[in-house]
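Residue-level structure breakdown
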Amino acid sequence: MPTPFETAVHLHQRRIYSFARYFLANPQEAEDVTQEVLIRFWRHHDRLEETGVKSWLMKVTRNACFDRLRKHRSAARVFDERVDEEVVEAASSTAPSPERAAQDADLRHRLEEAVRDLAEPYRSVVILREIQDFKYREIAEALELPLNTVRVYLHRGRRRLREQMREVMGRDD
Amino acid sequence: MTTEAHVDCAAVLERLEELLDGDLHDVAETESGVPAIRRHLDACPECAAELALAATLRRELRALPELDAPDALIDRVLDATVRAAEPVPVPGRWAAFRRSLEGLLPAPARWAAATLAAAALAILVLVPRSHGPTPDPANDPELARAIVEARFALAYLGDLGRGAGVEIRDQVLRDRLVAPTVRGLLGPSGAREPADAAPSTYNPGGSGRPAPLSDDPPPSAPRRS
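So, here is what we can say about the structure in this document. In this numbering scheme, every chain counts its residues from 1 along its sequence in written order. All chains are assigned letters beginning with A, and all ligands numbers beginning with 1, in the order in which they are written. Local features in this predicted model are restricted to residues of pLDDT 70 or higher, and side-chain atom pairs are both shown and tallied only at a pLDDT of 80 or more, whereas totals for entire chains, interfaces and linings draw on every residue. Side-chain measures here rest on the full set of heavy atoms in the structure, leaving out hydrogens and waters.

**Here's the deal with the side chain of Arg123 of chain A**
All names here are of chain A. Inclusion rule: Secondary structure elements are defined from DSSP: runs of H or I of at least 4 residues count as helices, runs of E of at least 2 residues count as strands, and each element is numbered from the N terminus. N or O atoms closer than or at 3.5 Å make up a polar contact, with two conditions inside protein: a donor-capable atom paired with an acceptor-capable one, and, for residues adjacent in sequence, both atoms drawn from side chains. By definition in these notes, contact holds between two residues if any of their heavy atoms fall within 4.5 Å.
Note on placement: Arg123 falls in helix α7 (residues 122-131). At a separation of 2.9 Å, a polar atom in the side chain of Arg123 contacts the main-chain carbonyl oxygen of Phe23. Within the structure, Arg123 has its side chain in polar contact with the backbone oxygen of Leu118 (distance 3.2 Å). For Arg123, the contacting residues outside a window of four places in its chain are Phe23, Leu69, Val115, Arg116 and Leu118.

This is the structure we're talking about:
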C-alpha cells in the first residue's frame, strides 16, 4: 500500500521533471533538480496544505533551475540531442510519412530551443501555461505575480516566440 | 445606423494573442474592440496570416509533451525517504542499509557514514551502562537490535575496505575507532581500556558478513586480549 508521500511523488514527478527539462538544456541537470525538489518535498510535505502543494513544488523547481543556471551558465546553452529524441518519441503521433515525421521533429526541436532562449519570466510562464496547462491563478501563485501580469507575460512570451519561429512555421505544410 | 470603428494593423497585431486566448472582453464598438478587430482581419490578409501563425504556434506549444522522470530516479528518492523510514525485518535491513547509503552518498561519504554508525553503535554494545544490571542481549531487544546494526555497519566497512583493496584489522577498529570514540564521549573515567573491552564481533578475514553472537562474558568481567 503506497504511503501518501509515495502517491504524491508519482502524481507530481512529471510536472517537476517536465518543467526542469524544458527550462534547462541538460537532461542530467533536470534529473538532479527533480531529485533535489522531491527530497525537499519529503522534508516539508507534512507541513504543506494540499491545495498549495502544486504551486510550492513549481516555485521550488524554478528556483532550483535558476541555481543550476547560475552554477553552469555555459551548460545551459548546450543543446543535447537526447532532449529532442525523447520529446519526439513521447509526442510521436500518427505522422503520415517519414518526411512529415522529420519535419515535425525539426519543428519541435526548434520550438524547444526557442522556449529555452526566452527571457525570464516569459519562459516560465510559457512552459507552465502552454506545455503544462497550469491555470493563470496557479501560475500567479507559483511565480508570485499578479494574475493580469501573468496574462501579459504569456502574450509577450508567445509574441517573441512567434518572431523566433516565423521562418520555420511560416512554411506551408 | 451605427458608425463602424476602424482599427489599423499595428493595433490588431498588438492584440492578437489576447484575441486568440479570448481575453479581449470589450465587445463594444470601439477602435480596439473585438468587432473592429474582426472586421480588420476579414479585410487584411497579412494580419489574418499573422493570426493563423499565432494560432499554429500555440497549438504546437500545447502539443509538446510532459515527460516522466526516469523510474530509477523515483526509486532513488523513495529509497532515501519513505522506504528508509519504514521498519524492516532484520534480514532485510542489510539491503536497506546499503541502498540508503548507496543511493545518496559517494563512496568516501559512505565510508564516513558507516564508520560513524559503527562507532556510535559499538559504544552502545561495548561500553557498560553506569547504573543497573549488566544488559543481556537475549533479554533486551533494543540492545540486540543495536548489536545487529553495529555488525551491519562494521561488515559494510569491511565490504567497502575490500572494494578499495584495504583490509581493516580487528585491532585497528578497536584501537583506532572504538576506544578513542569512547574516550572522547565519556572521558577517561567512563571508558574501558581497549584490552579490557569485549572482543569485536567483526570478522575481518571472513566474507564480510556479521560474525555470529559469541559466548563472551558480559562487559564488566575482566577479559583476556
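From this point, things continue past the structure.
**A closer look at the environment of Glu46 of chain B**
Residue and element names in this part refer to chain B. Applicable threshold: Think of it in three bands: residues with accessible area under 20% of the maximum for their type are buried, residues over 50% are exposed, and the middle band is partly exposed, with areas taken using a 1.4 Å probe on protein chains only.
Structurally, Glu46 can be placed in helix α4 (residues 45-63). For Glu46, a relative accessible area of 59% corresponds to the exposed category. Each C-alpha atom of the pair Glu46 and Cys9 lies 8.7 Å from the other, and the pair is 37 residues apart in sequence.

**Regarding the state of the cysteines**
We apply this condition: Note on disulfides: each one is a pair of cysteine sulfur atoms within 2.5 Å.
A complete count under the given rule lists zero disulfides over all chains for this structure. Residue Cys47 of chain B stays outside any disulfide, its sulfur separated by 3.6 Å from that of Cys44 of chain B, the closest cysteine.

**Let's talk about the interface of chain B and chain A**
Applied cut-off: Here the quantity called buried area is the total loss of accessible area, with a 1.4 Å probe, experienced by two parts when brought into contact, counted for both. Definition used for salt bridges: Asp or Glu carboxyl oxygen within 4 Å of a side-chain nitrogen of Lys or Arg.
Each partner contributes to the interface: chain B provides 34 residues, whereas chain A provides 45 residues. Three residues stand out in chain B for area buried against chain A, namely Leu64, Glu66 and Leu67 of chain B, and they jointly supply 20% of the buried area on that side. In this assembly, chain B and chain A are joined by nine salt bridges. Arg159 of chain A is paired through a salt bridge with Glu14 of chain B; the nearest N and O atoms lie 3.7 Å apart. Where chain B touches chain A, the interface holds 18 residue pairs in polar contact (both at pLDDT 80 or more). With 10 residues, the top contributor of residues to the side of chain B that touches chain A is α4 of chain B.

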